[in-house]
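Close look at the chain arrangement
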Amino acid sequence: LGQEKRGARRVPIHCPMQIICADGTTYSGTALDLSVDGILFESPISLAPAQAAQVRLSPPARSAISPLSAAIEVIRCEPLEGGQFRIAAALRALC
């Protein structure tokens with residue numbers, strides 16, 4: 001087994017989100033897990049490593065997760081079947 005590289009424990013959340021690119025274009029995605037310093041999500045667009053963007057989490061009513069808006073920096077982006085991408089990003093600032 002490989003050694004864990006993350007500094008913080010991630011919590012599975014599976015909730016709707018939006019990805020806002022630098023040019024203002026917004027896409028819908030799904031947040032898969034979240035930690036105090038990072039997020040893993042699925043997106044219909046590919047984002048390059050080191051690319052900056054903004055994310056907004058929109059958890060369902062009565063969810064234990066609060067809405068969140070944050071600036072991110074992409075760590076990695078992996079293609080999935082069906083034209084989706086799995087993106088790991090560092091949280092850089094709350095907005």
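Residues numbered from 1 in each chain as written. Predicted model: local features only at pLDDT ≥ 70, side-chain atom pairs only at ≥ 80, totals over all residues. Heavy atoms only, no water.

Here we come to the environment of Pro79. Tracing the sequence through the fold places Pro79 in strand E5 (residues 68-79). For the pair Pro79 and Gly29, spaced 50 residues apart in sequence, the C-alpha separation works out to 14 Å. Residues contacting Pro79, with those up to four places away along its chain left out, are Gln84 and Phe85. (Helix = DSSP H or I, 4+ residues; strand = E, 2+ residues; numbered from the N terminus. Contact = heavy atoms within 4.5 Å.)

Turning our attention to the pairing of strand E3 (residues 38-43). Buried residues dominate E3, accounting for 5 of its 6 residues. When strand E2 (residues 26-34) meets E3, the two strands line up antiparallel, connected through 4 bridges. Its bridge partner being in E3, Ala31 is matched across the sheet by Phe41. Connecting E2 to the next strand, E3, in antiparallel fashion are 3 residues. One ladder, built from 6 bridges, connects E3 with strand E6 (residues 85-94); its direction is antiparallel. Paired with Ser43 across the two strands is Phe85, which belongs to E6. (Buried < 20%, exposed > 50% of the residue type's maximum accessible area, 1.4 Å probe, protein only. Pairing = 2+ DSSP bridges.)

Turning our eyes to something else, we now look at the sheet that holds E3. An order of E1-E2-E3-E6-E5-E4 is seen for the 6 strands of this closed barrel, with the pairing classed as antiparallel. Direction aside, neighbouring strands of the sheet carry axes that sit 45 degrees apart on average. Two elements, E5 and E6, share 9 bridges in a ladder whose sense is antiparallel. The residue of E6 that forms the bridge with Ala71 is Ala93. (Axes fitted to C-alpha atoms, helices over the stretch in contact; angles between N-to-C directions.)

Positionally, Ser35 belongs in the loop between E2 and E3. A polar side-chain atom of Ser35 sits 2.9 Å from a polar atom in the side chain of Asp37. Other than its neighbours up to four places away in sequence, Ser35 contacts Ala8, Arg9, Arg10 and Leu91. (Polar contact = N/O pair within 3.5 Å; in protein donor to acceptor, adjacent residues only side chain to side chain.)

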